[in-house]
Amino acid sequence: MTASTLDDLLAEGVSGRTVLVRSDLNVPLSQGVVGDDGRIRASLPVLEKLAAAGAKVLVTAHLGRPKGEPNPEFSLAPVAARMNELSRVTVKRAEDLVAAAAQASAEALEPGEILLLENVRFDPRETSKDDEARSELAGDLADLAGTSGAFVNDAFGAVHRKHASVFDIAAKLPAYQGDLVAAELEVLKTLTQSPERPYTVVLGGSKVSDKIAVIENLIPKADSVIIGGGMVFTLAKAIMGYGIGKSLVETDLLTDESVTGLLELAKRHSTKILFPTDMVMASRFAADAEHEVLPLESLESGTHGAEALGLDIGPESAALFAAEIARSKTVFWNGPMGVFEMEAFAKGTEAVARALTESPGFTVVGGGDSAAAVRALGFDESEFGHISTGGGASLEYLEGKNLPGIDALGAA
Ligand code: ADP
Ligand code: MG
């Protein structure tokens, strides 16, 4: 069974109907102001399309991890403000998610208007393990949309969650796949089913535990797998037995077969694994820390000996990775090469990002921090083939897992 799409819904006609849209508006906030607004910009087209077709558009979304109760720190108010700056359509805001204020605001909504409900995770039923509880919240959300209501899931970044507003709601209202979800799935299908070769996967970020299943799943599919970021140290210690100083390490994974067997797995599939050859070792975890470039096999041989910690890949590695990317026809990149938030340790991430922009092949950036990094480093989004809005969701898809929010829409 294939999922019904937004176009199917528009063809049925939405004028005067209330359409509940689950969007992914989970953006970084600092001091109540939206930082990287990529997810907001990616969500607006579907909302505006529905509004233009005369729907009353109700938007439900989460922000951060409030503990199932209202908390002003996680209010969607700053997000509504940013949406209003970015959109031609006025975005109204409800004070709560399904209670009295939301009902009143939803009832007052006119065709062509957008109403953003308050953070759906303020309600403990949203993320509850109890099917009954989630189903009840989904029912409350569906009631806001009324008898002629419809549901559109456009929250790609949340489709790996079995939550009320993502999963259970699809059983309460006629459900449709939003354009953003459709576009993201299309790209992921290309990456897993028919990538043009050579296909290179670049993985970085902080934790091996987050990415090891993806690495294992992509080794059989890719021609090359490049490894950078904080992950390097656990792997270098476990596989090569190198000293890594005070660098990031996941001790419990050092003897894990998924880590120690990585090269063997790659060999079986004739997949090339590229490790960095040099790293930037710093005296401490700080933007102004003293630092120097050292070979991967002797990271403890510098000024700060075994006290040093690695915060970026070195220039030789960056050049090696860039050359591999340059000869690839498909590149999937997830996870920064270093602590890009600090200028001194952003060079590796910048080099990989630049290599993607210069590649004539199809390039995909996945992962919240990676997407934020390319924008923070001043790259133009249009220079990449696709920048995904979903971190965990893309990774779970690439791991071969089912995505509850997609399954609920009846998508194959
Ligand atoms: P994404 O969100 O793109 O999937 P991750 O969340 O896995 O990426 O990782 C991003 C984080 O990894 C960044 O905050 C970055 O500072 C951190 N990181 C990268 N390299 C290192 C390193 N060598 N040591 C510590 N942290 C690192
Ligand atoms: Mg992240």
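Residues numbered from 1 in each chain as written. Chains lettered and ligands numbered in written order. Predicted model: local features only at pLDDT ≥ 70, side-chain atom pairs only at ≥ 80, totals over all residues. Heavy atoms only, no water.

Another point: the nonpolar core. Side chains of a nonpolar character, in soluble globular proteins, are inclined to be buried together. Ile-227 and Trp-333 are the most contacted members of the largest nonpolar core, which has 66 residues in total. If we skip the residues at most four places from it in the chain, Trp-333 touches Val-202, Thr-349, Val-352, Ala-353, Leu-356, Val-364, Val-365, Gly-366 and Val-374. Core analysis: the next-biggest nonpolar cluster, separate from the first, contains 30 residues, Leu-9, Leu-44, Ala-51 and Ala-55 among them. (Core = buried A, V, L, I, M, F, W, Y, C linked by side-chain atoms within 4.5 Å. Buried < 20%, exposed > 50% of the residue type's maximum accessible area, 1.4 Å probe, protein only. Contact = heavy atoms within 4.5 Å.)

This next bit is on the sheet that holds strand E13 (residues 291-295). Taken together, three strands build an open sheet; the order of strands is E13-E12-E14 and the sheet is antiparallel. Two strands close off the open sheet at either side, each with one partner strand: E13 and strand E14 (309-313). Looking at each pair of strands side by side, their axes are set apart by 40° on average, direction ignored. As paired elements, strand E12 (residues 278-282) and E14 share four bridges and run antiparallel to each other. Looking at the pairing, Ala-282 lines up with Leu-309 of E14. The strands that helix H11 (residues 315-326) touches are E12, E13 and E14; relative to E14, the one it contacts most, it runs at about 35°. (Pairing = 2+ DSSP bridges. Helix = DSSP H or I, 4+ residues; strand = E, 2+ residues; numbered from the N terminus. Axes fitted to C-alpha atoms, helices over the stretch in contact; angles between N-to-C directions.)

Before going further, it helps to spend a moment on the site of ligand 1. Taken together, 19 residues form the shell around ligand 1, and within it Lys-211, Gly-310, Glu-341, Asp-369 and Ser-370 come nearest. Gly-230 places a main-chain nitrogen or oxygen 3.2 Å from a nitrogen atom of ligand 1. Between ligand 1 and the protein, one listed contact pairs an oxygen atom with a side-chain N or O atom of Asp-369 at 2.8 Å. Considering ligand 1 on its own, with 580 Å² of exposed area, one finds that the protein chains cover 86% of that surface. (Near = heavy atom within 4 Å. Polar contact = N/O pair within 3.5 Å; in protein donor to acceptor, adjacent residues only side chain to side chain. Areas by Shrake-Rupley, 256 points an atom, 1.4 Å probe, with all protein chains shown as cover.)

Another aspect to go through is helix H2 (residues 38-52). Within an α-helix, residues lying three or four positions from one another point in the same direction, as the helix has 3.6 residues per turn. Over its 15 residues, H2 extends 22 Å from the first C-alpha to the last, a length consistent with the 21 Å expected when each residue adds 1.5 Å. Along H2, the largest kink reaches about 30° and is centred on Leu-44; proline Pro-45 follows within four residues of it. Taken as a whole, H2 has its buried residues at Gly-38, Arg-39, Ile-40, Ser-43, Leu-44, Val-46, Leu-47, Glu-48, Leu-50 and Ala-51. Among the residues trailing H2, Gly-54 stands out with phi positive, at a value near 90°. (Expected span 1.5 Å × (residues − 1). Bend = angle between axes of the 7 residues up to and from the residue.)

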